[in-house]
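Structural overview
Each chain, letter by letter, is given below.
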Amino acid sequence: MTKCIMVQGTMSGVGKSLLTAALCRIFHQDGHRVAPFKSQNMALNSYITREGLEMGRAQVVQALAAGREPDVRMNPILLKPSSDVGSQLIVHGQVRGDYRAADYFKQKKSLIPEIMAAYHSLCRENDIIVIEGAGSPAEINLKEDDIVNMGLAKLVDAPVLLVGDIDRGGVFAQLYGTLALLEPQERARVVGCVINKFRGDVTLLEPGLAMLEEKTHVPVLGVVPYAQVDIDDEDSLAPCLEQTACHKPVDIAVIRLPRLSNFTDFSPLEHHEALGVRYVRQARELGRPDLVILPGTKNTMEDLLWLRQNGLETAVKHLAASGTPVLGICGGYQMLGQTLDDPQGVERRGTLAGLGLLPCRTVFTPKKTRTRVEGVVEAVPFSGARLEGYEIHMGRTEVAGEPFCRLSQGQPDGAVQGEVFGTYLHGLFDAGELTDRLAQWLLARKGMEGTAVGAESHRDHQERQLDRLAEIVRQSLDLPAIYTAMERSQKRRGEHDADPQQAR
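Notes on the structure in this doc start here. No experiment lies behind these values; they were computed from the predicted model shown.

**Looking at the side chain of Ser39**
One can find Ser39 in the loop between strand S2 (34-37) and strand S3 (40-42). A relative accessible area of 0% places Ser39 in the buried class. A distance of 2.7 Å separates a polar side-chain atom of Ser39 from the backbone oxygen of Ile147. For Ser39, the contacting residues outside a window of four places in its chain are Asn75, Pro76, Ile77, Ile115, Ile147, Val148 and Leu152.

**Points about unusual backbone geometry**
In this structure, the amide linkage connecting Val380 to the following residue, Pro381, adopts the cis form with an omega of 15°. Within the secondary structure layout, Pro381 lies in the loop between strand S21 (360-377) and strand S22 (386-399). A positive phi angle, close to 50°, is found at His92, a residue other than glycine. Within the fold, His92 resides in the loop between strand S7 (86-91) and strand S8 (94-100). The phi angle at His217 is positive, at roughly 60°, despite the residue not being glycine. Counting through the fold element by element, His217 comes out in the loop between helix H8 (206-216) and strand S12 (220-225). A relative accessible area of 70% places His217 in the exposed class.

**Observations concerning the packing of aromatic side chains**
Tallying each qualifying case throughout the model produces nine aromatic pairs. One aromatic cluster in this structure is built from Phe382, Phe404, Phe421 and Trp441. Of note, Arg199 hangs over the ring of Tyr226, and the distance from its end group to the ring centre comes to 3.7 Å. The ring centre of Trp441 lies 5.1 Å from the NZ or CZ of Arg445, which sits over that ring.

**Considerations on the side chain of Lys108**
Among the secondary structure elements, Lys108 is positioned in the loop between helix H3 (101-107) and helix H4 (112-123). With no salt bridge to any partner, buried Lys108 finds its closest opposite charge in Asp146, at an N-O distance of 5.5 Å. Apart from the residues lying within four places of it in its own chain, the contact partners of Lys108 are Gln40, Asp145, Asp146 and Ile147.

**Here's the deal with the pattern of salt bridges**
Summed over the entire model, instances satisfying the criterion amount to 30 salt bridges. Between Lys368 and Glu54 there is a salt bridge, with the nearest N and O atoms lying 2.8 Å from each other. Within this pair, whereas Lys368 is found in strand S21, its partner Glu54 is found in strand S5 (residues 54-56), the two being separated by 314 residues in sequence. Classification of Glu54 as buried rests on a relative accessible area of 1%. The partner of Asp303 in a salt bridge is Arg259, with the nearest N and O atoms 2.8 Å apart. Of this pair, Asp303 sits in helix H11 (residues 300-309) while Arg259 sits in the loop between strand S13 (250-255) and strand S14 (260-261), and the two are 44 residues apart along the sequence. A relative accessible area of 0% means that Asp303 is categorised as buried. Three or more residues joined by partner-sharing salt bridges are found here, namely Arg25, Arg459, Glu463 and Asp467.

**Considering the sheet that holds strand S9 (residues 128-132)**
Whether parallel or antiparallel, the strands of a sheet pair through hydrogen bonds between backbone atoms. Pairing is parallel in the open sheet, where six strands are placed in the order S2-S9-S1-S10-S11-S12. The sheet terminates laterally at S2 and S12, the two strands that pair on one side only. Averaged over all neighbouring strand pairs, the angle between strand axes comes to 20°, with direction disregarded. Across four bridges, S2 lies against S9 in parallel orientation.

**Topic: helix H6 (residues 171-181)**
Buried within H6 we find Val171, Gln174, Leu175, Thr178 and Leu179. The buried residues of H6 all sit within an arc of 115° when viewed along its axis, so they share a single face. For H6, the secondary structure elements touched by its buried residues are strand S10 (160-165), helix H7 (184-187), strand S11 (190-198) and H8.

**Notes on the sheet that holds strand S6 (residues 77-81)**
Strand order in the open sheet formed by four strands is S3-S6-S7-S8, and the pairing between neighbours is mixed. The outermost strands of the open sheet, each flanked by one partner alone, are S3 and S8. Put simply, the sheet's adjacent strands are angled 25° from each other on average, direction ignored. Bridging between S6 and S7 involves five bridges; their strand directions are antiparallel. Its bridge partner lying in S7, Leu78 is registered against Ile90.

**Examining the nonpolar core**
Counting 69 residues, the largest nonpolar core has Ile252, Ile255, Leu286 and Phe404 as its most contacted members. The leading source of residues in this core is helix H14 (residues 433-445), at six residues. Other than its neighbours up to four places away in sequence, Ile255 contacts Val280, Leu286, Val292, Ile293, Leu294, Pro295, Trp306, Leu307, Leu312 and Val316. Ile48, Leu89, Ile131 and Val218 belong to the second largest nonpolar core, which has 52 residues in total.

**Let's talk about the packing of helix H1 (residues 16-29) against helix H15 (residues 458-476)**
Here H1 crosses H15 at 90°, and the two axes come no closer than 8 Å. Judged on the interaxial angle alone, H15 and H1 are roughly perpendicular. On H15, the residues touching Leu18, Leu19, Ala21, Ala22, Arg25, Ile26 and Gln29 of H1 are Glu463, Leu466, Asp467, Leu469, Ala470, Val473 and Arg474. When the residues that make up the contact of H1 with H15 are grouped by side-chain class, the tally is nine nonpolar, one polar and four charged.

**A word on the pairing of S13**
Of all the six residues making up S13, six are buried; the element is thus mostly covered by neighbouring parts of the structure. Burial along S13 is two-sided: the face carrying Val250, Ile252 and Val254 and the face carrying Asp251, Ala253 and Ile255 are both buried. The pairing of S13 with strand S15 (residues 275-280) spans six bridges and is classified as parallel. Its bridge partner lying in S15, Ile255 is registered against Val280. As paired strands, S13 and strand S16 (residues 291-294) are joined by three bridges and run parallel to one another. Along S16, the bridge assignment pairs Ile252 with Leu291.

What counts as what
Residues numbered from 1 in each chain as written. Predicted model: local features only at pLDDT ≥ 70, side-chain atom pairs only at ≥ 80, totals over all residues. Heavy atoms only, no water. Helix = DSSP H or I, 4+ residues; strand = E, 2+ residues; numbered from the N terminus. Buried < 20%, exposed > 50% of the residue type's maximum accessible area, 1.4 Å probe, protein only. Polar contact = N/O pair within 3.5 Å; in protein donor to acceptor, adjacent residues only side chain to side chain. Contact = heavy atoms within 4.5 Å. Phe/Tyr/Trp six-rings, centres within 6.5 Å; stacked < 30°, edge-to-face > 60°. Lys NZ or Arg CZ within 6 Å of the ring centre and 35° of its normal. Lys, Arg positive; Asp, Glu negative; His and termini not counted. Salt bridge = Lys/Arg side-chain N within 4 Å of Asp/Glu carboxyl O. Pairing = 2+ DSSP bridges. Axes fitted to C-alpha atoms, helices over the stretch in contact; angles between N-to-C directions. Arc of directions from axis to C-beta. Core = buried A, V, L, I, M, F, W, Y, C linked by side-chain atoms within 4.5 Å. Parallel < 35°, antiparallel > 145°, perpendicular 65-115°, else oblique. Nonpolar A, V, L, I, M, F, W, Y, C, P; charged D, E, K, R; others polar.

As structure tokens, then:
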């Protein structure tokens, strides 16, 4: 029978995803077959599996940590916000439709059979399942129909680790208050608290730890130091999004669109020694960068209007006219074209003029493109660079001119006009070759030497960072206590299944 452990948090952004990834790595290193699981994820950073199915990026990182190929069973429900009150619902990697929040909440309990089918299927193939919760289990207005925190813990009989973030302050109040708002049977599931992102001398924290244990009767199973690890983050609270200054030779400005998606595309650029990536929300912040990137978005037309209304469209067009290179990815690529037409109301019914910097036109259609691809760049000065990536977009784009790259099946992708480039490919920098070519070219434009540095692939970089994260967490947590909690839960479930009275 499969063991499990669940990581819940006192709020969003406390580090649940990374702690889950660390536990996946540790258990994998210890010789176990491991899989991550998150029943419902809300995120704009997503990924396409080999089967052409869509899932959240966090579970992709966790799968990598566990030595597994990403699988939509690890994230059976994905919500991609398309507005302040609505999201696209993706179940088992495929779009079910767009729902207002109230409508989704009315039907989400009906998804429990599909959640449990995915979970039990993973159980049949693994020794340990590491489950990640979402937000906080103490959101008392949402508890009745919960399918991702204590509601799921009850369904699978999972022991729970409760994580608090000391870096944001008030960690003892976070943990005590969360436990106080749980029902008695829910509190009984919490086998330990974890304090995350601690800076300083842990001995100064010990009186507080003792008092917390005395008041809650829940042991503290670890204090994890603030770790400077470079691992993809899917959360809108990701620290990289707050980077507003460049401290490297090359200045790359990414427009931080309101519905920005797949900002993990830029992780390989961020850890390159010559490339500085900063995020821009207002025209006055743009300055004179060496490259402007228009990233992906969940709602291209609405974000294009936002770009137009706050002056960033004009600023980007002025920079392009003066010779500054511009790159558009997915929704950003669509924005750079001549027109965006939505005859069926997929995003916003009607037609909008694009920035007019690329010779292409986009028509939105309800069918979603989801595919993994490989290719080679044809655009000068990057020609010959090998690409690996994936497409996630609504609509089709017709191009009058040369493509950005040629995919392995021979079909063209993207468009080029002067030093403006567009492509549908997410993950285009992951293989490393395009990252190197881009760095060399931008350095040369500044009159600086741009030699090939052989950028490692994004996957190799992530592997090294996951090993480092696992080492830090292994030294910080009481792993014997966690193993014991999993074994007790496993034994209890076995006894329950064997007892015909309880089974009835």
